[in-house]
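Listed below are the residues making up each chain.
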Amino acid sequence: QVQLVESGGGLVQPGGSLRLSCAASGFTFSIYAMSWYRQAPGKERELVAAISSSGGSTNYADSAKGRFTISRDNAKNTVSLQMDSLKPEDTAVYYCRALRAMRYDYWGQGTQVTVSS
């Protein structure tokens, strides 16, 4: 059974940091590209950051560049998103996604991130 379980969300003040983690099971993690998406209330889900199966390639939304860092540990079947200098507009539910060959596509249930003073 495929599972993606996000953790690490919560309430943080503007300028603060959070580290999200996604634990994967039920599939061969190391051959899947992984990504983080987010969805704010009333808005469409959007890509935040992505990382290739080997971890050798990453890409970020413009809003995340310079503040967020995606990483993965294929030995532990985890992908993480380090978020620094958080802003109120980063408030959203953050989702982990596993994708392979544009066909095998799995999503986690999400973790809430709220940036507020």
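Our subject in this report is the structure included herewith. (Residues numbered from 1 in each chain as written. Predicted model: local features only at pLDDT ≥ 70, side-chain atom pairs only at ≥ 80, totals over all residues. Heavy atoms only, no water.)

Comments concerning the packing of aromatic side chains
Any pair of aromatic rings gets described here by the distance separating the centres and the angle formed by the planes. In this structure the tally under the stated criterion is 5 aromatic pairs. Seen from their ring centres, Phe27 and Tyr32 are 4.8 Å apart, and the 65 degrees between their planes marks the pair as edge-to-face. Among the residues examined, Phe27 registers a relative accessible area of 14% and is labelled buried. Judged by relative accessible area, Tyr32 falls into the buried class, the value being 5%. Among the aromatic residues, those joined into a cluster by ring pairs are Phe27, Phe29, Tyr32 and Tyr106. One residue, Arg45, lies across the ring of Tyr95, its end atom 3.7 Å from the ring centre. If you follow Arg72 out to its NZ or CZ, it ends over the ring of Phe29, 4.4 Å from the centre. (Phe/Tyr/Trp six-rings, centres within 6.5 Å; stacked < 30°, edge-to-face > 60°. Buried < 20%, exposed > 50% of the residue type's maximum accessible area, 1.4 Å probe, protein only. Lys NZ or Arg CZ within 6 Å of the ring centre and 35° of its normal.)

So, the sheet that holds strand β8 (residues 78-83)
Pairing is antiparallel in the open sheet, where 4 strands are placed in the order β1-β3-β8-β7. Only two strands of the sheet have a single neighbouring strand rather than two, namely β1 (3-7) and β7 (68-73). The average undirected angle you get between the axes of adjacent strands in this sheet is 15 degrees. As paired elements, strand β3 (residues 18-25) and β8 share 6 bridges and run antiparallel to each other. (Pairing = 2+ DSSP bridges. Helix = DSSP H or I, 4+ residues; strand = E, 2+ residues; numbered from the N terminus. Axes fitted to C-alpha atoms, helices over the stretch in contact; angles between N-to-C directions.)

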